Amino acid sequence: MKIIGKDIGYQLDELYKTISNRLEIELEKNLDLVSGELETFSNVLWQNETVLIQLHNGVPTHALPHIFGVALIHVQQRLDLYPVVQKSDENDIADGRLLRSALRELVLSPAADDRLKSLNLDTQWESEQRHQALKNLLIDPGPEWSEENSPAFLFAALLYARAAIEHPLWEKLKPTFHDTLPLASELGAQIEDGVRSNGWNSPGSCLQSLLVARELTNLEQITRILDPRTGTLL
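Since the model is a prediction, treat every value here as computed from it, not as a measurement.

Draft legend 1. Local environment of the overall build of the protein. Within the protein one finds eight helices and eight strands. For 234 residues, the compact-globule formula gives about 17 Å, and the C-alpha radius of gyration of the protein, at 18 Å, lands near that figure. For the protein, the spread of C-alpha atoms along the three principal axes comes to 45 × 40 × 30 Å. When each of the 234 residues of the protein is scored for burial, the buried share is 46%. Carbon and sulfur atoms make up 47% of the accessible area of the protein, which amounts to about 11,800 Å² in all. Positive and negative side-chain charges in the protein, numbering 21 and 34 respectively, have mean positions lying 3 Å apart.

Spelled out as structure tokens, the structure:
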């Protein structure tokens, strides 16, 4: 399979075909891919007639299958009626989008990784990049990262929980995180426990994990969570 000008092998052929077909049949949408300079490795945009997967053009070819695979599973999650994190119509803050993205990925990213495990995709480069980004954050965080309930503080707690759940190099970073941002680490550990307790391997478990994490971070005012199975906005 060749995407954004790079040959990524055959491991995702069947998954790509299945999701493309489901989008066309169930939602009458096409699946398109583009590359460019992004803030993240990948992004999924739901448009009127198209689901657009954006991929960072700086990702090396050997790391692309896993990053593309996660994006495909995120599309599949929407088709399978997994919960959707949304902006509140009434309230938002400057860092609201970033916090909602961190909340969503805390739960739906490990759910995606579990779906991809059997394919044994290369994750080393991606893990190294995330590890370095976390190390850079912990070198000299500003005072706002230790200010309880500030956006930076809540973002750090969500990062802690996600890294504790899915980062393979977490044990090397955990002591530094606790020493540098002790209060955010304490909240992050509570979020981690809540998410692990509820899990992420079904739409229902993901919904409960998102609700627990949202409550612990006091993000109810800026974040709504849609349960597509019932149409309920929580």
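Draft legend 2. The arrangement of the nonpolar core in detail. Grouped together as the largest cluster of nonpolar side chains are 41 residues, with contacts concentrated most on Leu106, Leu158, Ile191 and Val195. The set of elements that each furnish at least two residues to this core consists of α3 (96–116), α4 (124–139), α5 (151–166), α6 (170–180), α7 (182–198) and α8 (203–216). Among the elements that make up this core, the one with the highest residue count is α5 (twelve residues). The residues contacting Leu158, other than those within four sequence positions of it, are Leu99, Ala102, Leu103, Leu106, Ile191, Thr217 and Leu219. Counting residues in each nonpolar core, the second largest holds 26 residues, with Ile8, Leu12, Ile19 and Ile73 among its members.

Draft legend 3. Summary view of the confidence of the model for the protein. Summarising the model, the protein shows a mean pLDDT of 94, and 100% of its residues fall at 70 or more. Mean pLDDT values over the elements of the protein span from 91, in strand β1 (residues 2–3), up to 98, in α8.

Draft legend 4. Just α8, in detail. Taking 1.5 Å as the rise per residue, α8 with 14 residues should run 20 Å; its terminal C-alpha atoms sit 20 Å apart, in good agreement. As for α8, its buried residues are in contact with β6 (84–87), α3, α7 and β7 (223–227). Once α8 finishes, Asn218 follows within two positions and takes phi at roughly 55°, a positive value.

Draft legend 5. Fine view of the side chain of Ser205. Note on placement: Ser205 falls in helix α8. Taking relative accessible area as the criterion, Ser205 reaches 15% and is therefore assigned buried. Within the structure, the side chain of Ser205 is placed 3.0 Å from the backbone nitrogen of Ser202, a separation counted as a polar contact. Ignoring sequence-local partners within four residues, the contact set of Ser205 consists of Asn198, Gly199 and Trp200.

Draft legend 6. Quick look at the sheet that holds β6. Strand order in the open sheet formed by three strands is β6-β7-β8, and the pairing between neighbours is antiparallel. Strand pairing shows two members of the sheet lacking a second neighbour, β6 and β8 (232–233), which therefore form its edges. Sheet analysis places β7 next to β8, joined by two bridges and oriented antiparallel. For Asp227, the partnering residue across the bridge sits in β8 and is Thr232. Across the face of the sheet, α3 comes into contact with β6 and β7 while running at roughly 170° to β6. Where α8 meets the sheet, its contacts fall on β6 and β7, and the angle it forms with β7 comes to roughly 165°.

Draft legend 7. Seen up close, the sheet that holds strand β5 (residues 50–56). Taken in spatial order, the three strands line up as β3-β5-β4 in an open sheet, and their pairing is mixed. One side of each edge strand has no neighbouring strand; the edge strands of this open sheet are β3 (30–36) and β4 (42–46). With strand direction ignored, the average angle separating the axes of adjacent strands in the sheet is 20°. Where β3 meets β5, seven bridges bridge the pair, whose relative direction is parallel. When the bridges of β5 are listed, Asn30 appears paired with Thr50. Along the sheet, helix α1 (residues 13–27) contacts β3, β4 and β5; its crossing angle with β3, the most-contacted strand, is approximately 125°. Contacts from helix α2 (residues 64–79) reach β3, β4 and β5, with the element oriented near 155° to β5.

What counts, and where the lines are drawn
Residues numbered from 1 in each chain as written. Predicted model: local features only at pLDDT ≥ 70, side-chain atom pairs only at ≥ 80, totals over all residues. Heavy atoms only, no water. Helix = DSSP H or I, 4+ residues; strand = E, 2+ residues; numbered from the N terminus. Rg over C-alpha atoms; globule rule 2.2 N^0.38 Å. Buried < 20%, exposed > 50% of the residue type's maximum accessible area, 1.4 Å probe, protein only. Areas by Shrake-Rupley, 256 points an atom, 1.4 Å probe, with all protein chains shown as cover. Lys, Arg positive; Asp, Glu negative; His and termini not counted. Charge placed at Lys NZ, Arg CZ, Asp CG, Glu CD. Core = buried A, V, L, I, M, F, W, Y, C linked by side-chain atoms within 4.5 Å. Contact = heavy atoms within 4.5 Å. pLDDT = per-residue confidence, 0-100. Expected span 1.5 Å × (residues − 1). Polar contact = N/O pair within 3.5 Å; in protein donor to acceptor, adjacent residues only side chain to side chain. Pairing = 2+ DSSP bridges. Axes fitted to C-alpha atoms, helices over the stretch in contact; angles between N-to-C directions.

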